[in-house]
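Spelled out from the first residue to the last, the chains are:
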Amino acid sequence: PEFQRQGLGSSILQRLENELGSNPCYCLPYEHLLTFYRQAGFEHVTVDLPQILHQRLTEYSTRGLAVVAMFRNSQGTG
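So, here is what we can say about the structure in this document. All residue numbers refer to position in the chain's written sequence, counted from 1. This being a predicted model, a pLDDT of at least 70 is required before a residue's local features are given, and a value of 80 or more before pairs of side-chain atoms are given or counted; all residues contribute to the totals for chains, interfaces and linings. Hydrogens and water are ignored here; the side-chain numbers use all heavy atoms of the structure.

## Observations regarding the state of the cysteines
Item 1. Cysteine sulfur pairs qualify as disulfides if the two atoms are within 2.5 Å. Taken as a whole and judged by the stated rule, the model has zero disulfides.
Item 2. In this model Cys 25 remains outside any disulfide bridge; the closest cysteine sulfur is found in Cys 27, 6.3 Å from its own.
Item 3. Judged by relative accessible area, Cys 25 falls into the buried class, the value being 18%. The classification of residues rests on relative accessible area computed with a 1.4 Å probe and restricted to protein chains. Under 20% of the type maximum is buried, over 50% is exposed, and intermediate values are partly exposed.

And the structure:
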């Protein structure tokens, strides 16, 4: 909590955007972070996940974790 609301997450997300460049990317964040990840061009997806991510998402959901799949295409938009 002492490090929250200081822009650290946004700084990390900006670095991620820079590192990804034009490469597509998936992530499995907690549901409450949807808006945050949209800042970097990720969009919520429910279909066409790679098998390993689908399995991981199912496992997390089975464990009661409120996570979603998100995708950022090669242009940085969903």
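Picking up where we left off.
## Remarks on the packing of aromatic side chains
Item 1. Two aromatic rings, drawn from Phe, Tyr or Trp (for Trp, its six-membered ring), form a pair once their centres lie within 6.5 Å of each other, and the interplanar angle then sorts them: stacked below 30 degrees, edge-to-face above 60, tilted otherwise. Tallied over the full model, the rule gives three aromatic pairs.
Item 2. Seen from their ring centres, Phe 36 and Tyr 37 are 5.5 Å apart, and the 90° between their planes marks the pair as edge-to-face.
Item 3. Judged by relative accessible area, Phe 36 falls into the partly exposed class, the value being 22%.
Item 4. Here a set of aromatic residues connected by ring pairs shows up, and it is made of Phe 36, Tyr 37 and Phe 42.

## Points about helix H3 (residues 51-62)
Item 1. Counted at 1.5 Å a residue, the expected span for H3 with its twelve residues is 16 Å, and the 16 Å between its end C-alpha atoms agrees.
Item 2. Think of it this way: any DSSP run of H or I at least four residues long counts as a helix, any run of E at least two long counts as a strand, and we number them from the N terminus. Taken from the residues just after H3, Gly 64 is the one with a positive phi, measuring 90°. One less than the residue count of a helix, multiplied by 1.5 Å, gives the span that helix is expected to have.

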